[in-house]
Amino acid sequence: MIEADRASLKPDDIVAFILPGNHPVSGKVAWLRDSCAGIVFEKPLHDAIVKHIGFRPRAEPHEVFKDQFGRTSPSLTPNSKGPDA
C-alpha cells in the first residue's frame, strides 16, 4: 500500500518508486481508497524488504489451538457451571 493524491492515480496505472536502501520496484495499482493505493508488484518483495519498510503481521488476540484436522479446539477456560453442577 502506498499513500498518494487520489486524483493522480487510477486502477491499472503502472507505478515505479525507490524503496529505502535504494531498491527500485514497480507494479500496478490494484485499488484506491482515500489517499491510499494497493499495489501489485511485478516481482514479490523479499521478506527482509517488507519488514524494513514497516509491515508487521497482525498478532492473534490469543493463541489458537487446532487439532490434527485443522479444527479449532474448544476453549480450555472453565465454565461457570462445572461438570459436577
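Residues numbered from 1 in each chain as written. Predicted model: local features only at pLDDT ≥ 70, side-chain atom pairs only at ≥ 80, totals over all residues. Heavy atoms only, no water.

Colleague: Would you mind going over the overall build of the protein in detail, with residue names and values included?
Modeller: Within the protein one finds 1 helix and 4 strands. Expressed as a percentage of its 85 residues, the buried residues of the protein come to 15%. Summing over all exposed atoms, the protein offers an accessible surface of approximately 7,600 Å²; the carbon and sulfur share of this is 55%. (Helix = DSSP H or I, 4+ residues; strand = E, 2+ residues; numbered from the N terminus. Buried < 20%, exposed > 50% of the residue type's maximum accessible area, 1.4 Å probe, protein only. Areas by Shrake-Rupley, 256 points an atom, 1.4 Å probe, with all protein chains shown as cover.)

Colleague: Before we move on, could you go through the environment of D12 and cite the residues and values that matter?
Modeller: Here D12 lies in the loop between β1 (2-3) and β2 (14-19). Taking the relative accessible area as the measure of exposure, D12 reaches 54% and is therefore exposed. C-alpha separation for the pair D12 and V40, spaced 28 residues apart in sequence, amounts to 9.5 Å. Those residues within four positions of D12 in sequence are excluded, and the remaining contacts are K28 and V29. (Contact = heavy atoms within 4.5 Å.)

Colleague: Tell me about the pairing of strand β3 (residues 23-33), residues and numbers included.
Modeller: Pairing geometry for β2 and β3, over 6 bridges, is antiparallel. Among the inter-strand pairings, I18 is bridged to a residue of β3, identified as P24. In this antiparallel pair of consecutive strands, β2 and β3, the connection spans 3 residues, and G21 shows a positive phi of 90°. Two elements, β3 and strand β4 (residues 36-41), share 6 bridges in a ladder whose sense is antiparallel. Paired with V29 across the bridge in β4 is I39. The antiparallel hairpin formed by β3 and β4 contains 2 residues in its connecting segment, where D34 sits at a positive phi of about 55°. (Pairing = 2+ DSSP bridges.)

No statement about biological role is implied by the geometric values presented.
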